[in-house]
Amino acid sequence: YLFPKKYNAVRSTKLKDYFLAIRNGRIGLITANGKSVFPCRYERIKIINRKTIILYTRNKSRIVAI
């Protein structure tokens, strides 16, 4: 896959269509074609299953369905 240069690193996840994108120490979620699902503003992202993801910021977390 080719991803935009704006990311410092891109890592695979257990979901083959989604990747963790890292920029300036923050994490976001992008699709295989480079489109942003969640911007790079989170401390951590935990993928529970194909439809549920937990987004962590410094002070709180939230569960999101995609």
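The sections below set out a description of the structure shown in this document. Everything numeric here is computed off the predicted structure, so don't read it as measured data. (Residues numbered from 1 in each chain as written. Predicted model: local features only at pLDDT ≥ 70, side-chain atom pairs only at ≥ 80, totals over all residues. Heavy atoms only, no water.)

## Quick notes on unusual backbone geometry
A negative phi angle is the norm for most residues apart from glycine, just as the trans form is the norm for most peptide bonds. A positive phi angle, close to 55°, is found at Asn24, a residue other than glycine. The topology assignment puts Asn24 in the loop between strand S2 (18–23) and strand S3 (26–31). (Helix = DSSP H or I, 4+ residues; strand = E, 2+ residues; numbered from the N terminus.)

## Some points on the sheet that holds strand S6 (residues 52–56)
In space, the three strands of this open sheet follow the order S5-S6-S7, with antiparallel pairing throughout. Whereas interior strands pair on both sides, the edge strands pair on one side only; in this sheet they are strand S5 (44–47) and strand S7 (61–65). Strand after strand, the sheet turns through a mean of 20° between neighbouring axes, direction not considered. Both S6 and S7 contribute to a ladder of five bridges, which runs antiparallel. (Pairing = 2+ DSSP bridges. Axes fitted to C-alpha atoms, helices over the stretch in contact; angles between N-to-C directions.)

## Re the environment of Phe3
Considering the arrangement of structural elements, one finds Phe3 in the segment before strand S1 (9–12). For Phe3, a relative accessible area of 23% translates into the label partly exposed. In this structure, the C-alpha to C-alpha distance between Phe3 and Gly34, residues 31 residues apart in sequence, is 5.4 Å. For Phe3, the residues in contact, after removing those within four places along its chain, are Val10, Phe19, Ile30, Thr31, Ala32 and Gly34. (Buried < 20%, exposed > 50% of the residue type's maximum accessible area, 1.4 Å probe, protein only. Contact = heavy atoms within 4.5 Å.)

## As for the pairing of S6
Counting buried positions along S6 gives four out of five residues, so the element sits mostly inside the fold. Strand direction decides the pairing type here: S5 and S6, joined by four bridges, are antiparallel. Each residue of the ladder has a partner; that of Ile47, found in S6, is Ile53. The antiparallel hairpin formed by S5 and S6 contains four residues in its connecting segment.

## Remarks on the pattern of salt bridges
One pass over the full model with this rule turns up two salt bridges. Asp17 serves as the salt-bridge partner of Arg50, at 3.2 Å between the closest nitrogen and oxygen. Placement of Arg50 in the loop between S5 and S6 and of Asp17 in the loop between S1 and S2 is noted, with a sequence separation of 33 residues between them. The exposure class of Asp17 is partly exposed, given its relative accessible area of 33%. When the shortest N-O distance is used, the salt bridge between Arg26 and Glu43 registers 2.2 Å. With Arg26 in strand S3 and Glu43 in the loop between strand S4 (36–42) and S5, the pair connects residues that are 17 residues apart, well separated along the chain. (Salt bridge = Lys/Arg side-chain N within 4 Å of Asp/Glu carboxyl O.)

Remember that the coordinates give geometry; whether it matters functionally is a separate question.
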